[in-house]
Amino acid sequence: MKSIYFILILVMAMGCQNVKYPNKPDNLIPEGKMVEVLTEVYLSNAVRSYNIRIVRDSGYKLDSMLYKKFSIDSLQFAKSHAYYSSDLEVYTAIFEKVKAKMEVMTVDADTLKARYTERRRITDSIRRDSLRAFEMDRLEDSIQVISPERIRAVQDDIELEY
């Protein structure tokens, strides 16, 4: 029984020795550009996962836009991705750069949101103050100071009617 386990483990170990790695493609996407491409891939996947219906209804083909933006095609991307993913150290380094870019983008987005919120608060405050000033002007217009001559004239008119 022990010999069967030993043979089975030996066969499995020998079977793992013949892993074929992809050859370096002729039109390999450089590492720096691959970082940019993968960043965009993850952003487009995030858009799809957020609301796929909006993406479908808009008619945008995110993959086609991605390939056009970086002047690559799907086969070139697939081969380059397979090549880089076959070397774990290189692939890990690429993903660390992608992660760093995404973190910078997150900080930038949070900063923009904070600026927008602050600007919106200031604008609302200005709008509120201008509405108050408008109301005060309107009240001042409606409460006009009546001169004593006008008061006498109105009183005379009232006496004449009775």
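As shown above, the structure is provided for reference.
Everything quoted here is computed from the prediction, not taken from an experiment. (Residues numbered from 1 in each chain as written. Predicted model: local features only at pLDDT ≥ 70, side-chain atom pairs only at ≥ 80, totals over all residues. Heavy atoms only, no water.)

Concerning the overall build of the protein
Then, number 1: Each helix and strand counted, the protein has seven helices and zero strands in total.
Then, number 2: Written out in order from the N terminus, the α and β elements of the protein read α-α-α-α-α-α-α.
Then, number 3: Within the protein, counting contacts between residues at least 6 apart in sequence, those at least 24 apart form 80% of the total.
Then, number 4: When the accessible surface of the protein is summed, it comes to about 13,800 Å², and 59% of that surface belongs to carbon and sulfur atoms. (Helix = DSSP H or I, 4+ residues; strand = E, 2+ residues; numbered from the N terminus. Contact = heavy atoms within 4.5 Å. Areas by Shrake-Rupley, 256 points an atom, 1.4 Å probe, with all protein chains shown as cover.)

Quick word on the packing of aromatic side chains
Then, number 1: Scanning the model with the defined rule gives four aromatic pairs in all.
Then, number 2: For the pair Tyr-67 and Phe-77, a centre-to-centre distance of 6.5 Å together with 50 degrees between the ring planes defines the contact as tilted. With a gap of ten residues between them, Tyr-67 in helix α4 (residues 62-70) and Phe-77 in helix α5 (residues 74-86) connect regions that are remote in the sequence.
Then, number 3: Judged by relative accessible area, which is 21%, Tyr-67 ranks as partly exposed.
Then, number 4: Take Phe-77: its relative accessible area is 14%, and that puts it in the buried class.
Then, number 5: With a centroid separation of 5.8 Å and 65 degrees between ring planes, the pair formed by Tyr-83 and Tyr-84 is classed as edge-to-face.
Then, number 6: Overall, the relative accessible area of 25% leaves Tyr-83 in the partly exposed class.
Then, number 7: Judged by relative accessible area, which is 5%, Tyr-84 ranks as buried.
Then, number 8: By the ring-pair criterion, three or more aromatic residues cluster together here, those being Tyr-42, Tyr-91 and Phe-95. (Phe/Tyr/Trp six-rings, centres within 6.5 Å; stacked < 30°, edge-to-face > 60°. Buried < 20%, exposed > 50% of the residue type's maximum accessible area, 1.4 Å probe, protein only.)

Quick word on the packing of helix α2 (residues 31-50) against α4
Then, number 1: At a minimum axis separation of 10 Å, α2 and α4 run at an interaxial angle of 160 degrees. It follows that α2 is roughly antiparallel to α4 by the angle criterion. α2 and α4 meet at a crossing whose hand is right-handed. Contact with α2, carried on its side by Lys-33, Glu-36, Val-37, Glu-40, Val-41, Ser-44, Val-47 and Arg-48, involves Leu-62, Asp-63, Leu-66, Lys-69 and Phe-70 of α4 and no other residues of that element.
Then, number 2: Of the residues that constitute the contact of α2 with α4, the class distribution is six nonpolar, one polar and six charged. (Axes fitted to C-alpha atoms, helices over the stretch in contact; angles between N-to-C directions. Parallel < 35°, antiparallel > 145°, perpendicular 65-115°, else oblique. Left-handed = near helix turned anticlockwise from the far one by under 90°. Nonpolar A, V, L, I, M, F, W, Y, C, P; charged D, E, K, R; others polar.)

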